Amino acid sequence: MKSFVIADPEKCIGCGTCMAACSTVHKQQGLQSHPRLTVVKLDDATAPVMCRHCEDAPCATVCPVQAITKQQDRVMLNETLCVGCTLCAVACPFGAIAFDGSRPVAMANSYDTYIPSTIRSSNPSTSIPSTFGQDILAWEPGVKSIAVKCDLCGFREQGPACAEVCPTQAIVMIDEANIAKARDIKRECAADSSASAKGGAVTR
């Protein structure tokens, strides 16, 4: 049974706290700091758009390097394997996959040794503290644009950070127990409606 996070637009106030929390906890893990959900506004309603961890997971189907795989109740992305081809973002029906390039926490911001660069040398230049090369050829060590998607904060015992910090409890984690409870409530409502309709018909 899959698990996923969902938001209630009637409760969401568009504060962006969920995005900030998502970015913070992933950066602390040495992962891309880009938030795994995006708060969007449509007319007078706001709600975060996030991965639904689909049963058939089209993003995993199109990934050429199998960086996205289905694991137990969720669809996971291995940032180390991702090559940034963007096929997953194109395949995602919810627009829940973004691309970003940021340096993991453990990566150095600069280098102590100056590496000279000349026309005849292939060595990168360190004239700019955190980058190598100049202008269009400049590159920043440890940074590459790769996919980022919700992983349900699998590394946290408390569960998804977005649901934990939401001030209006608009974001909830859905799992097998939640779905079973919702199903039972709907069945009871359906039974009550049928009984009421039958009673009304007999009265007439």
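Residues numbered from 1 in each chain as written. Predicted model: local features only at pLDDT ≥ 70, side-chain atom pairs only at ≥ 80, totals over all residues. Heavy atoms only, no water.

Per an unreviewed UniProt entry, the protein goes by the name 4Fe-4S dicluster domain-containing protein and belongs to Photobacterium kishitanii.

J.: Would you mind going over the overall build of the protein with me for this structure?
T.: In terms of helices and strands, the protein carries 5 helices and 8 strands. Ordered by position in the sequence, the α and β elements of the protein form the string β-α-β-β-α-β-β-α-β-β-α-β-α. Classification of the 204 residues of the protein by burial places 31% in the buried group. Taking contacts inside the protein between residues at least 6 apart in sequence as the whole, the part at least 24 apart equals 62%. Summed over all atoms, the accessible surface of the protein reaches about 12700 Å², with 55% contributed by carbon and sulfur. (Helix = DSSP H or I, 4+ residues; strand = E, 2+ residues; numbered from the N terminus. Buried < 20%, exposed > 50% of the residue type's maximum accessible area, 1.4 Å probe, protein only. Contact = heavy atoms within 4.5 Å. Areas by Shrake-Rupley, 256 points an atom, 1.4 Å probe, with all protein chains shown as cover.)

J.: Just checking my understanding: could you explain the packing of aromatic side chains for this structure?
T.: Two aromatic rings, taken as a pair, are described by how far apart their centres are and by the angle between their planes. Overall, the coordinates contain 0 aromatic pairs when judged by the stated rule. The ring of Phe-94 has Arg-52 lying over it, and the distance from NZ or CZ to the ring centre is 5.1 Å. (Phe/Tyr/Trp six-rings, centres within 6.5 Å; stacked < 30°, edge-to-face > 60°. Lys NZ or Arg CZ within 6 Å of the ring centre and 35° of its normal.)

J.: Quick question: what am I supposed to make of the environment of Glu-10 here?
T.: Of note, Glu-10 is situated in the loop between β1 (4-7) and α1 (17-28). Separated by 158 residues in sequence, Glu-10 and Thr-168 have C-alpha atoms that sit 9.9 Å apart.

J.: Can you walk me through α1 in this structure?
T.: Taking 1.5 Å as the rise per residue, α1 with 12 residues should run 16 Å; its terminal C-alpha atoms sit 17 Å apart, in good agreement. For α1, the secondary structure elements touched by its buried residues are β2 (38-42), β3 (45-49), α4 (161-165) and β8 (171-174). (Expected span 1.5 Å × (residues − 1).)

J.: Teacher, can you tell me more about the nonpolar core here?
T.: Across soluble globular proteins, nonpolar side chains show a tendency to be buried alongside one another. Counting 29 residues, the largest nonpolar core has Leu-37, Cys-59, Ile-68 and Ile-171 as its most contacted members. Broken down by secondary-structure element, the contributors of at least two residues to this core are β1, α1, α2 (58-62), β5 (74-77) and β7 (146-148). Those residues in contact with Cys-59, other than ones at most four positions away along the chain, are Ile-68, Val-75, Cys-88, Ala-91 and Ile-97. (Core = buried A, V, L, I, M, F, W, Y, C linked by side-chain atoms within 4.5 Å.)

J.: In this structure, what is going on with the state of the cysteines? I would like to understand it.
T.: Disulfide: a covalent bond connecting the sulfur atoms of a pair of cysteines. Scanning the model with the defined rule gives 0 disulfides in all. With no disulfide of its own, Cys-88 lies closest to Cys-85 among cysteine sulfurs, the gap being 6.1 Å. The closest cysteine sulfur to the non-disulfide-bonded Cys-92 is located on Cys-51, 6.5 Å from its own sulfur. (Disulfide = S-S within 2.5 Å.)

J.: Mind showing me how you'd approach a nonpolar patch on the surface here?
T.: Taken together, Val-65, Leu-81 and Val-83 make up a surface patch of nonpolar side chains, about 230 Å² in accessible area. What makes Leu-81 partly exposed here is its relative accessible area of 42%. (Patch = residues over 30% accessible without salt bridge, like charges linked within 9 Å, V, L, I, M, F, W, Y side chains within 5 Å. Salt bridge = Lys/Arg side-chain N within 4 Å of Asp/Glu carboxyl O.)

J.: Would you mind showing me how to read the pattern of salt bridges here?
T.: Here the idea is simple: oppositely charged side chains can pair when their charged atoms come close. Enumeration according to the criterion identifies 4 salt bridges in this entry. The residue Asp-73 makes a salt bridge to Arg-74 at a minimum N-O spacing of 3.1 Å. The residues Asp-73 and Arg-74 share a single accessibility class, namely buried. The closest approach of N and O atoms between Arg-156 and Glu-164, which form a salt bridge, is 2.5 Å. Arg-156 sits in the buried class, given a relative accessible area of 17%.

J.: Would you mind going over the environment of Gly-16 with me for this structure?
T.: The residue Gly-16 is located in the loop between β1 and α1 in this model. C-alpha of Gly-16 to C-alpha of Pro-48: the two residues are 32 residues apart in sequence and 8.5 Å apart in space.

J.: Help me understand the side chain of Arg-36, please; the structure alone is not making it clear to me.
T.: Along the chain, the position of Arg-36 falls in the loop between α1 and β2. With relative accessibility at 4%, the residue Arg-36 sits in the buried group. A distance of 2.8 Å separates a polar side-chain atom of Arg-36 from the backbone oxygen of His-34. The residues contacting Arg-36, other than those within four sequence positions of it, are Cys-22, His-26, Leu-31, Val-49, Met-50, Glu-79, Ala-96, Val-148, Lys-149 and Cys-150. (Polar contact = N/O pair within 3.5 Å; in protein donor to acceptor, adjacent residues only side chain to side chain.)

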